[in-house]
Amino acid sequence: MSTAKSQTVSRKLLAGVRDVMAGEGSAQARLDRTTGLIAASMEADVCSIYVRRAGDVLELFSTQGLRPESVHVTRLRIGEGVIGAIAARAQPMAIANVRNHPSFAYRPETGEEPFHSMLGVPVLRAGRVVGIIAVQNREHRRYADEEREILQTIAMVLAEMVAGGDLVSRDELAPTEGDALRPLRVEGVCYSPGLGIGKVVLHEPGFDIDHLVAQDPDAEVERLRHAFTAMHGQLDTLFRKGPLVGGEGEFQDVMEAFRMVAEDAGWLRRIEEAIATGLTAEAAVVKVKNEMRARLGSAPDPYLRERVHDLEDLGNRLLQHLMGAAHHAAEDLPEHVVLVARNMGPAELLDYDHTRLRGVVLEEGSATSHVSIVARALDIPVLGQVPDVMTKVANGENIVVDGRNAQAILRPSEDIQQKFHETRRANERIKAEYVQYKDLPARTRDGVDVSLLINAGLLFDFDQIETTGADGVGLYRTEVPFMVRSQFPDVDAQRQLYERVLERAQGKPVTFRTIDVGGDKVLPYWEERDEENPAMGWRAIRICLDRPAILRQQLRALIQAAQGRAIDVMFPMVAEVEEFIAAKALLQRELDRETKRGGLLPQTVRCGVMLEVPALALQLDKLLKRVDFVSIGSNDLMQFLYATDRGNAHVSKRYDILSPFALGFLKTVRERCDHYGIPVSVCGQAAGDPLEAMALVGLGFRRLSMPPPAIGPIKEMVRSMEAHAVAQFLGSLFGMPHASIRQRLRGFARDHGVKI
Ligand code: PEP
Ligand code: MG
């Protein structure tokens, strides 16, 4: 079918379907007329419509061509049969010979034997599959892209009918959760810490589009372009005047990346194509938005998934301009707002008056999503990965977001709210109290000094050196700024970034960890890899040694940024001493290069290693003769020691670092480092947990690097403990066969007045 012909067919069919929908008769009768119309227009022998029902089954609701007895009888689970497969993938499928398809499930009651080919498309509503439309033909037909487009357009109209509640009740479409009005605790993942209490504002750009079908596509394209220009003007203002203006590095990067998506001609073209099939500009935007979400929303690549949210943000913005929908005027908002959204883009967050925002709860999201980065910068707690939360709360209800404990309380009772208010006030008091520790040494009661450093990833973390009184940055994760950019920063961009880092550190030491990407930390501009075991895959130093230019450029930028100052560099995920030697040789080459250029060399360059692969811990005698320092990455070390995925909540807490074995292992490492006179620190999560940190000091560790908010509590703990007493206590436990001595250590802390 030619494009012109398909557009004509599409427009006629759309107009027909619209008339049927608006016409007389029951919903079932209108649906039956629709299937008939589709079959006739598309020259198909069969047209069937399946609707999703409770329990994730697709029920045949109407058919033209299959046996009428099968209507409301044939049911397929999501994933079952070709229809179920279309639903599971949320993508159209065109199959010339259905019977040979691996997903084929035979349903004798339908009498579908004579029909060989099938084209099916999902009916999507807000990114969720609510039904399937399928056409079938007797012959082994190859359906054209244009035919798929037509069916997708009809699917949009049908989505409205399904959502309207005429076919199945709206209640059935919404996930149920007991008595909706009772308080409910939901769990998620903390993407920005803190405690926020406020009233729910559902961020639900649910646009009611009255007119789906347009008579004059040119006029619609014109309206679209108009809205597009207006949207860009508004974005410019937002970025120029928003609360993050003047912010550094990452915010600019986030906004730039967003703007690049906004300017990408691809999605505008897709919207225009949808208009050409007979939709209004609004309906075309929704169609493209839904398709993007369905197609990319489940992509394994987290970067792609994040860009879907940027696109949704933009799509909603475009709709606002098309429909003249009002903005979230400050006067309409409650005084304390907790946004609840499926997901949102950074600009959408900035649309709200940030002085009123007390928290964000997302059904999706990730730590590196743009909205999380912006929220952290604004100190707004964010809880993500809370399934179906949008359906569990209503606008104006009370809600508590407890970032630290990765939970939210919906509709908390008065006394629970009171308790959280007290906790928040106590937190603020404690925060204020920690300020008094800022200039005090982290010295144990028996006079042992412990150096406390922060882990940093983004530039705003560096402010915390000053506010916490930390001794410096023990782990600067250089990959983080790479992850929020839209392209790989060249040497110059990296040099500028590292210069700023060193300036912000104000003379305190910064340990630069070279880029630790790969696995699940995907950079958009790198080739995509599908790895079964990404944590153990092509990542970190493995990539850098295979693609030495990447590491060399980073080291070059660092050497130049130092401008004569001392620098510390360490390599992640080293498993063999030889890998360290090779990486260090690249560093030397860059130093030689700089010498030849007549550049200013760093005063000193200390070259260290992250100890996070157990194999390296078994080669310490060879390693320690060659490194200047060691930093134990206990997060990865624990996951590899115990073969437990640190990101898998089912197992990540199964083994305890506070076990005689793990602590004994760390003690051995510390002793070997001391033997060779090599400084050793711990920079994983354990260093920032008071009980764990107490044990680490007891094991003889004197340098701990942790997330900035942990500095205050850890310093308080250190100042209340006696290192030799803990060491002695631990010594008495090493022989135990237990998997955890956490309770014993807790008891010890309680009995000895250690503030954990
Ligand atoms: C670690 O593995 O403990 C570590 C500090 O590095 P990251 O968490 O960045 O992998
Ligand atoms: Mg690590």
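In this text, all values refer to a predicted model and were calculated from it rather than measured experimentally. (Residues numbered from 1 in each chain as written. Chains lettered and ligands numbered in written order. Predicted model: local features only at pLDDT ≥ 70, side-chain atom pairs only at ≥ 80, totals over all residues. Heavy atoms only, no water.)

Asks: Requested: an account of the overall build of the chain, with residues and values cited.
Replies: Secondary structure assignment for the chain yields 27 helices and 22 strands. For 756 residues, the compact-globule formula gives about 27 Å, and the C-alpha radius of gyration of the chain, at 30 Å, lands near that figure. With the principal axes as the frame, the chain shows a C-alpha extent of 90 × 65 × 55 Å. Classification of the 756 residues of the chain by burial places 55% in the buried group. Taking all contacts inside the chain whose residues are at least 6 apart in sequence as the whole, residues at least 24 apart take part in 67%. Carbon together with sulfur atoms contributes 49% to the accessible area of the chain, which is approximately 32,300 Å² in total. (Helix = DSSP H or I, 4+ residues; strand = E, 2+ residues; numbered from the N terminus. Rg over C-alpha atoms; globule rule 2.2 N^0.38 Å. Buried < 20%, exposed > 50% of the residue type's maximum accessible area, 1.4 Å probe, protein only. Contact = heavy atoms within 4.5 Å. Areas by Shrake-Rupley, 256 points an atom, 1.4 Å probe, with all protein chains shown as cover.)

Asks: Can you explain the coordination of the magnesium ion (ligand 2)? Please cite residues and give values.
Replies: At the metal site, the magnesium ion (ligand 2) is ligated by Glu612 (OE) and Asp636 (OD), and these contacts range over 2.1 to 2.2 Å. One end of the pair, Glu612, is in the loop between strand S19 (605-611) and helix H20 (614-617); the other, Asp636, is in helix H22 (residues 634-641), and 24 residues separate them in sequence. (Donors = N, O, S within 2.8 Å, 3.2 Å for Na, K, Ca; no water.)

Asks: Residue-level account of the site of ligand 1, with values.
Replies: Around ligand 1, the structure places 14 residues, and the nearest of them are Arg477, Arg513, Gly633, Asn635 and Arg646. Ser634 places a polar main-chain atom, nitrogen or oxygen, 3.2 Å from an oxygen atom of ligand 1. A distance of 3.0 Å is found between an oxygen atom of ligand 1 and a side-chain nitrogen or oxygen belonging to Asp636. Contact with the protein chains hides 98% of the accessible area of ligand 1, taken as 290 Å² for the molecule alone. Within the residue set of the shell around ligand 1, elements represented by two or more residues are strand S16 (473-477) and H22. If one sorts the elements of the shell around ligand 1 by residue count, H22 sits on top with 3 residues. Residues that form the shell around ligand 1 fall into these classes: 3 nonpolar, 4 polar and 7 charged. (Near = heavy atom within 4 Å. Polar contact = N/O pair within 3.5 Å; in protein donor to acceptor, adjacent residues only side chain to side chain. Nonpolar A, V, L, I, M, F, W, Y, C, P; charged D, E, K, R; others polar.)

Asks: Quick one: what's the story with the nonpolar core, residue by residue and with numbers?
Replies: In this structure, Tyr476, Met694 and Leu704 are the most contacted members of the largest nonpolar core, which totals 99 residues. Of all the elements, helix H18 (residues 548-562) adds the most residues to this core, at 8 residues. Core analysis: the second largest hydrophobic core is formed by 91 residues, Ala44, Met156, Phe239 and Ile373 among them. (Core = buried A, V, L, I, M, F, W, Y, C linked by side-chain atoms within 4.5 Å.)

Asks: Just give me the short version of the packing of aromatic side chains, but keep the residues and values in it.
Replies: Within this structure, the stated rule accounts for 10 aromatic pairs. Ring plane angle 75 degrees and centroid distance 5.5 Å describe the contact between Tyr476 and Phe512, whose orientation is recorded as edge-to-face. Of this pair, Tyr476 sits in strand S16 while Phe512 sits in strand S17 (residues 510-513), and the two are 36 residues apart along the sequence. Comparing Tyr476 with Phe512 shows no difference in burial state: the two are buried. For the ring pair Phe482 and Phe488, a centre distance of 5.1 Å and an interplane angle of 75 degrees mean the geometry is edge-to-face. What makes Phe488 partly exposed here is its relative accessible area of 22%. Taken together through their ring pairs, the aromatic side chains of Phe462, Tyr476, Tyr498 and Phe512 make up a single cluster. (Phe/Tyr/Trp six-rings, centres within 6.5 Å; stacked < 30°, edge-to-face > 60°.)

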